[in-house]
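# Secondary and tertiary structure notes
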Amino acid sequence: QVQLVESGGGLVQPGESLRLSCAASGNIFSIYTMGWYRQAAGKQRELVAAINNGGMTNYADSAKGRFTVSRDNAKNTVYLQMNSLKPEDTAVYYCYSLIKTGITMRPNAYWGQGTQVTVSS
């Protein structure tokens, strides 16, 4: 089994920063893409940022210039540094990762349980 455990959400005021972390553990052979989605109330889940195992990143337009995704491969951990937060960034943020659990296995997508980020004055 594979588990993704997130941390770092909370309540902040507009303009402030937060750093989310997500650590993968369990039966991991190799990790490919790691990243973050978010889902605001009444809206569909959307990609925020992702990073592959070569370090290439991809961002939603709303995240460019404010958010930075990074990873520590030695710790199987992905981070999301969020600066200049806006009320519209309020959502549940989900970590995801594409992971192989064995040399002959196909990569599967795994999700964290979600962490609430609320931006409000």
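I will try to describe carefully the structure that is included in this document. Please read all numbers here as calculations on a predicted model, not as lab measurements. (Residues numbered from 1 in each chain as written. Predicted model: local features only at pLDDT ≥ 70, side-chain atom pairs only at ≥ 80, totals over all residues. Heavy atoms only, no water.)

Attention now moves to the pairing of strand 9 (residues 91-100). Burial analysis of strand 9 places eight of its 10 residues in the buried class, which makes it a mostly covered element. Here strand 4 (residues 30-39) pairs with strand 9 via eight bridges, running antiparallel. Bridging from a neighbouring strand, Gly35 pairs with Tyr96 of strand 9. Pairing of strand 9 with strand 11 (residues 115-119), which is carried by three bridges, proceeds in the antiparallel orientation. Residue Val92 lies in a different strand from strand 11, and its bridge partner there is Gln116. In this structure, strand 9 lies alongside strand 10 (residues 108-111), joined through four bridges in antiparallel fashion. What sits directly across from Tyr96, in strand 10, is Trp111. (Buried < 20%, exposed > 50% of the residue type's maximum accessible area, 1.4 Å probe, protein only. Helix = DSSP H or I, 4+ residues; strand = E, 2+ residues; numbered from the N terminus. Pairing = 2+ DSSP bridges.)

Phi angles above zero are rare outside glycine, and Asn76 is one such case at about 50°. For Asn76, the position within the fold is in the loop between strand 7 (67-72) and strand 8 (77-82). Owing to a relative accessible area of 24%, Asn76 belongs among the partly exposed residues under this scheme.

Here we take up the environment of Gly55. For Gly55, the position within the fold is in the loop between strand 5 (46-51) and strand 6 (57-59). For the pair Gly55 and Val69, spaced 14 residues apart in sequence, the C-alpha to C-alpha distance is 9.7 Å.

Going through the model one piece at a time under the given rule, you end up with one disulfide. With its sulfur 2.0 Å from that of its partner, Cys22 forms a disulfide with Cys95. Between Cys22 and Cys95, the S-S dihedral sits near -75°, and the bridge is therefore left-handed. Remark: Cys95 occurs in strand 9 and Cys22 occurs in strand 3 (residues 18-26); sequence separation between them is 73 residues. A relative accessible area of 0% means that Cys95 is categorised as buried. (Disulfide = S-S within 2.5 Å.)

Across the 10 residues that make up strand 4, a large majority, seven, are buried. As paired strands, strand 4 and strand 5 are joined by five bridges and run antiparallel to one another. Paired with Tyr37 across the two strands is Leu47, which belongs to strand 5. The turn joining strand 4 and strand 5, which pair antiparallel and follow one another in sequence, is formed by six residues; a positive phi near 80° is taken by Gly42.

Our focus in this paragraph is the sheet that holds strand 1 (residues 2-7). Sheet architecture is open: four strands sit in the order 1-3-8-7, paired in antiparallel fashion. Strand pairing shows two members of the sheet lacking a second neighbour, strand 1 and strand 7, which therefore form its edges. Pairs of neighbouring strands in the sheet enclose a mean axial angle of 15°, with direction left out of account. Here strand 7 pairs with strand 8 via six bridges, running antiparallel. Along strand 8, the bridge assignment pairs Thr68 with Gln81. (Axes fitted to C-alpha atoms, helices over the stretch in contact; angles between N-to-C directions.)

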